[in-house]
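# Structural characterization, general
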Amino acid sequence: MTEIINGEEVMGPSPFFKHQRIVSKLHLIIGQFVNRNNLGEVCLSPLDVIFEEGVNRLQPDILFIKKENMNIGQDWIRGVPDMVCEIISAGSYEKDTDIKKAIYEKYKVPEYWIVIPELQTIEILTIDDDKYKLHSIAAFEGVVISKIIEGLQVAIKDIFGLCC
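If you're wondering where the values come from, they're calculated on a predicted model, not measured in any experiment. (Residues numbered from 1 in each chain as written. Predicted model: local features only at pLDDT ≥ 70, side-chain atom pairs only at ≥ 80, totals over all residues. Heavy atoms only, no water.)

## Side note on the packing of aromatic side chains
- Counting across every chain of the model gives four aromatic pairs.
- In this structure an aromatic cluster arises from ring pairing among Phe51, Tyr104, Tyr107, Tyr112 and Tyr132.
- Above the face of the Trp76 ring, Arg57 is positioned so that its terminal group lies 4.3 Å from the ring centre. (Phe/Tyr/Trp six-rings, centres within 6.5 Å; stacked < 30°, edge-to-face > 60°. Lys NZ or Arg CZ within 6 Å of the ring centre and 35° of its normal.)

Printed below as a string of structure tokens:
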């Protein structure tokens, strides 16, 4: 997997099985909700999101585009998705929670999900006055609630139960 982060090409290893199981569960839950309510499109990595050609070309684990914003879906995603999600691993913690978070914030991605398997935690950040603020968080139990995908609630047990 190759990304361009702040003008520098960064290569990373393929994800572990546990990471992919979590991506799969989240994609299924979010995708079914989005399809049932005709809200837009949910996509999985690897799919480039080009914020700025040659400067920032990222591959979030999951992304969502509202149907009214589908014009950004071209050969790759050229523009700002409505939601991006990163599943954090030990080796990607700083990149995902600091560097990529700053890039998503710079381009004003409306909603950023940070999923931390080791803590069985999902944090949902939303843009408020050009900065991310915590919108919803759940750890080990409970649900997180999306602001951008209206009506979507995800139970922690449905993501981390039996696998993590």
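## Focus on the nonpolar core
- Judged by nonpolar contacts, the single largest core of 25 residues is most densely connected at Leu26, Ile30, Trp113 and Ile122.
- Put simply, the parts of the chain that give this core at least two residues each are helix 1 (17-36), strand 6 (62-66), strand 8 (83-87), strand 9 (111-116), strand 10 (121-128) and helix 3 (156-160).
- A total of six residues in this core trace back to one element, the largest contributor, which is helix 1.
- Excluding residues within four positions of it along the chain, Ile30 makes contact with Val42, Met83, Trp113, Ile149 and Leu152.
- The next biggest cluster of nonpolar side chains, apart from the first, holds 21 residues, and it includes Val49, Leu58, Tyr107 and Ile116. (Core = buried A, V, L, I, M, F, W, Y, C linked by side-chain atoms within 4.5 Å. Buried < 20%, exposed > 50% of the residue type's maximum accessible area, 1.4 Å probe, protein only. Helix = DSSP H or I, 4+ residues; strand = E, 2+ residues; numbered from the N terminus. Contact = heavy atoms within 4.5 Å.)

## Re helix 1
- With 20 residues, helix 1 should reach 28 Å at 1.5 Å per residue; the first-to-last C-alpha distance of 28 Å fits that figure.
- Taken residue by residue, helix 1 has His19, Ile22, Val23, Leu26, Ile30, Gly31, Phe33 and Val34 as its buried positions. For helix 1, the angular spread of buried residues about the axis comes to 160°, placing them on one side. Exposed and oriented more than 90 degrees from the buried face of helix 1 are Phe17, Leu28, Asn35 and Arg36.
- Packed against the buried residues of helix 1 are strand 3 (40-44), strand 6, strand 8, strand 9, strand 13 (153-155) and helix 3.
- In the segment just after helix 1, Asn38 is the residue with positive phi, at about 50°. (Expected span 1.5 Å × (residues − 1). Arc of directions from axis to C-beta.)

## Some points on the sheet that holds strand 10
- In spatial order, the strands read 3-6-8-9-10-11; together these six strands make up an open sheet with mixed pairing. Both edges of this open sheet fall to strand 3 and strand 11 (131-139), since each of them pairs with a single strand only. The mean angle between the axes of side-by-side strands here comes to 15°, regardless of whether they run parallel or antiparallel.
- Of the pairings in the sheet, the one linking strand 3 to strand 6 comprises five bridges and is antiparallel in character. (Pairing = 2+ DSSP bridges. Axes fitted to C-alpha atoms, helices over the stretch in contact; angles between N-to-C directions.)

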